[in-house]
Every structure is written in C-alpha cells, then in structure tokens.
Amino acid sequence: MKILLVFAALVAAACSEQLFVGDQVLRITASDEGQITLLRVLGEQAELQVDFWRHPTSPGQPADLRVPFLSLQAVKIFLESNSISYSIMIEDVQELLDEEKKTMTKSRRVERSTSTFDFASYHTIDEIYYWMDMLVDDHPSLVSKIQIGQSYENRPLYVLKFSTGGSNRSAIWLDTGIHSREWITQATGIWTANKIAKEYGQDPSVTAILDSMDIFFEIVTNPDGFAFTHSSNRMWRKTRSINPSSHCVGVDPNRNWDAGFGGSGSSSNPCSETYHGPYAHSEREVKAIVDFIRGHGNMKSVISIHSYSQMLLFPYGYKRAPAPNYQELNELAKKAVSDLAAVYGTKYTYGSVVDTIYMADGTTIDWAYDNGVKYSFTFELRDTGRYGFLLPSTQIIPTATETWPALLDIMVHVLEHPY
C-alpha cells in the first residue's frame, strides 16, 4: 500500500494534479456543544489538512469531514478519545474521482462523434463556454451572452441574458458554481439555461415570465477556481487570488459580500476554506456581480445555487433577526420544496440560513436582500452526503429536473408580486 501511495504521489506531482488516494470522508455527529467546539478545533489543526465538507453546526446534526490518508489515524484517535461518534461515508475519495474522470472521457468521445452536447456529463470551462455560444446561436432572438468583468486570472465572466426585448425591465439573477468544486451546480445551470430557452413559447409560466422580465444567468461564477478543479485539485472551493500575507491562495467568494462582512460566520485566516478576504468585494468575481446588479437597478430576485445538503435557504445568515418578509419567503420556500419533492421524492429542508444551517456572513443572498432584492434564495442541491461534492454524473439530469419546478415557483411568484 505504501509503495502504491508513493507511486501515486509521484505520478500526481508529474502532472501537478493533487490526488486523494486513501482519503476518507467521515460523517461525524457531535452530541453536545463541547464536542462541536472540539470539532472546530480539529478543523483548525493546519498539519492535519482536514477539510469540512459540511461544518459542525449543532448537536445531533451531522458534519462531514474529508481526512487525508496520512491524517486518518490521528483524527480517528482524536474522535474516539473524545467519545465523538463517526462513520465512514466515502471509503476512498480517489476512487470516486477516477470514476468521474472515466465517465467524462467516455462522454467526450461520444460528444465528438455525434456533435451533440451531453447534459448528463460534467464539462470543462472551455466546453461550457463553447456550449453557451451554441445556445445563443440556436436562440438568437431570446438569448445573448454578455461579459460583466474578468476574473483574477483574467478569464471572462460571462452571463447569459434571456430577454424578449424592452429596456430596463425588472429581472431575475441566477448563478451557479460560485464554489468551484460544487460541480453539480454548473451542470444543473447548463440544463436549466437550456430549459429556459426551449420552454419559451411552449411553457405558459416561462413564456409569461420572459414576456415581462429578463433573466440573467451566470453559470461559471468562479471560473479560476473551476478551471483549477479540472487541472489541479478537484476539491478547490475558493477563488485563486493571491493573499500577500500568506502562502495560502484564494478567498471564499460566498463570504466576501458586504453583508455582515468579517463576522463570526467566516474566517480571517487565509488558509481557511471560509476566508472572507481582506475587505468586502475584494474578489473581482464578486465585485463584477455587485456592480452589475447595482448598475441594473431593477433586479427583483437573486437565486444562488450551491451544493450539497438538499436545502432551500433565504436571509439572514449573518444575523438572527428574521427578514422583514420572513413569512412570505418561508411560505414560498415551503411550496418550492414540496413541488421539488413531488418529482422524485427528494426531501429538502427550508428556512433562513441562520436557523437552518449556521451563522454565515458575507453571503450573496444577504447582500442582495440588504440591497433591496426581496426574493433572495440559495439552493443547496443533492445529495445529503453519500457522495457530497462528488455526485455521480448519472444524477445530473434528475437533480436539474427536480429543481426546475422549485425555480419556476420562485420566478412565477416574483412575476406575480411586483414591488
């Protein structure tokens, strides 16, 4: 095993791709606040290099932790010696990555030979950008592609605009992939954008929405991070900006917004996965959206799509006070998750961020809400942890299909409740 690991490490170094051979994902359940504190301390031990896929929130709620092979023994001893119960969710992370890669290669061969786009496969940034151009070509009177800025590494920040004309109409903003490793989100974004384009003139709800409003959709919201998940580290979450004071790269773009920025629901440590950055909107990827939404001036809804956990969330995350229209948001979320569950029986929980998961500050939807966008929601797509961020591509179309009626519920509500 050791020789195998050394060989794997050498191969990875040669092609500069990080491997996760022997890494496990542990599902950990703390029984009291003391154990939650211990888990947080564990997460801060830099030498262990553990990565919380799902953070410890409250007693009885599961936390998911990816543990590098070399830290497994130490982590398991720590958990056992503190009587913290755990089980193994993913036996070997690399096995899932190898399977994912194999499936993508196979799909790419089929796509090339048939000149069709496979919605049931994961794609690279170049493939997604190429597909966007195809979508615009196929629906020239409805879809256009606009660039709202550039990323830290100077990649274009593209947004698809769905519009039937008119100037400064009220609009809905959708984004996927702000956390780059959440591949199911970009894949769901592609399927959904295609669905919007195809259903205009067919589906009465989509037609009514687009006859009165525009939809803006940023599918690859964190392009540098996304490219990095394909080239170097599949588990990369943050942006790729350089932190002058640290060897650690990147900022959590969903802690970088000016809404309770820098509070207890984020980290000031550049090596943390939830590092909020040096100041609000320091990240070009975030600033571009802020400037675009402000410049537009008539955005009525912001829907930011993440994974995983199967949740539909609304403000607030940075404070405990309920949002002024909490009741309306809660009722709408309840209807949306009910219609989502009607498709395949997938159960979602719903509520405000702070009540449903944890205190999180500097998030997209809190910023949008504080800046007058009343209908601000975050989806956490499949699953609840069996595969986590490594959801098999066989689940892309089912995930997108069940999410569609929930998205439609929100968009129709926005259309019918102008403000």
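That block above? That's the structure.
Treat the numbers as computed from the prediction; the structure is a model and nothing was measured.

Some points on the overall build of the chain
- Scanning the chain from N- to C-terminus turns up 13 helices and 12 strands.
- Taking 419 residues into account, the globule formula puts the C-alpha radius of gyration at 22 Å, and the chain, at 21 Å, falls close to it.
- Projected onto its principal axes, the C-alpha coordinates of the chain cover approximately 65 × 55 × 45 Å.
- For the chain, the residues scored as buried account for 58% of the 419 residues in total.
- Once local pairs closer than 6 in sequence are excluded, the contacts in the chain between residues at least 24 apart make up 74%.
- As displayed, the chain has an accessible area near 17,300 Å², and 53% of this comes from carbon and sulfur atoms.
- One finds the centroid of the 36 positive side-chain charges in the chain at a distance of 1 Å from the centroid of its 49 negative side-chain charges.

Observations regarding the state of the cysteines
- Taken as a whole and judged by the stated rule, the model has 1 disulfide.
- Across a sulfur-sulfur distance of 2.1 Å, Cys-248 and Cys-271 are joined as a disulfide pair. In this structure, the disulfide formed by Cys-248 and Cys-271 twists by about 90° around the S-S bond and is classed as right-handed. With a gap of 23 residues between them, Cys-248 in the loop between α8 (223–231) and α9 (284–296) and Cys-271 in the loop between α8 and α9 connect regions that are remote in the sequence.

Concerning the pattern of salt bridges
- Per the stated rule, a full pass over the model turns up 20 salt bridges.
- The partner of Asp-291 in a salt bridge is Lys-287, and the shortest N-O contact between them spans 2.8 Å. Linking Asp-291 with Lys-287, this pair stays in helix α9, spanning 4 residues, or about one helical turn.
- Since its relative accessible area comes to 37%, Lys-287 is described here as partly exposed.
- One network of salt bridges, in which partners are shared, links Asp-23, Asp-51, Arg-66 and Arg-181.

Quick look at the side chain of Thr-57
- Assignment of secondary structure puts Thr-57 in the loop between β2 (51–54) and β3 (62–67).
- Thr-57 sits in the buried class, given a relative accessible area of 18%.
- Those residues in contact with Thr-57, other than ones at most four positions away along the chain, are Ile-36, Arg-40, Ile-357 and Tyr-358.

Side note on the packing of helix α6 (residues 183–199) against helix α13 (residues 396–416)
- As a packed pair, α6 and α13 sit with axes 9 Å apart at the nearest point and diverge in direction by 60°. Overall, the two elements α6 and α13 adopt an arrangement that is oblique. In this structure, the crossing between α6 and α13 has a hand that is right-handed. Residue-level contacts link Ile-184, Ala-187, Thr-188, Trp-191, Thr-192, Lys-195, Ile-196 and Glu-199 of α6 to Ile-396, Ile-397, Thr-399, Ala-400, Thr-401, Trp-404 and Leu-407 of α13.
- Grouping the constituent residues of the contact of α6 with α13 by class yields 9 nonpolar, 4 polar and 2 charged.

Concerning α9
- In this model, α9 (13 residues) spans 18 Å end to end at C-alpha, consistent with the 18 Å of a helix rising 1.5 Å per residue.
- All buried positions along α9 are accounted for by Glu-285, Val-286, Ala-288, Ile-289, Val-290, Phe-292, Ile-293 and His-296.

Remarks on the sheet that holds strand β11 (residues 349–352)
- Read from one edge to the other, the open sheet built from 8 strands follows the order β5-β6-β8-β7-β9-β12-β10-β11, with strand pairing classed as mixed. For this open sheet the edge positions go to β5 (143–150) and β11, each flanked by a neighbour on one side alone. When the angles between neighbouring strand axes are averaged without regard to direction, this sheet yields 20°.
- Direction of pairing for strand β9 (residues 299–307) relative to strand β12 (residues 375–381): parallel, over a ladder of 7 bridges. Counted as the bridge partner of Val-302 is Ser-376 from β12.

Cut-off values and rules
- Residues numbered from 1 in each chain as written.
- Predicted model: local features only at pLDDT ≥ 70, side-chain atom pairs only at ≥ 80, totals over all residues.
- Heavy atoms only, no water.
- Helix = DSSP H or I, 4+ residues; strand = E, 2+ residues; numbered from the N terminus.
- Rg over C-alpha atoms; globule rule 2.2 N^0.38 Å.
- Buried < 20%, exposed > 50% of the residue type's maximum accessible area, 1.4 Å probe, protein only.
- Contact = heavy atoms within 4.5 Å.
- Areas by Shrake-Rupley, 256 points an atom, 1.4 Å probe, with all protein chains shown as cover.
- Lys, Arg positive; Asp, Glu negative; His and termini not counted.
- Charge placed at Lys NZ, Arg CZ, Asp CG, Glu CD.
- Disulfide = S-S within 2.5 Å.
- Salt bridge = Lys/Arg side-chain N within 4 Å of Asp/Glu carboxyl O.
- Axes fitted to C-alpha atoms, helices over the stretch in contact; angles between N-to-C directions.
- Parallel < 35°, antiparallel > 145°, perpendicular 65-115°, else oblique.
- Left-handed = near helix turned anticlockwise from the far one by under 90°.
- Nonpolar A, V, L, I, M, F, W, Y, C, P; charged D, E, K, R; others polar.
- Expected span 1.5 Å × (residues − 1).
- Pairing = 2+ DSSP bridges.

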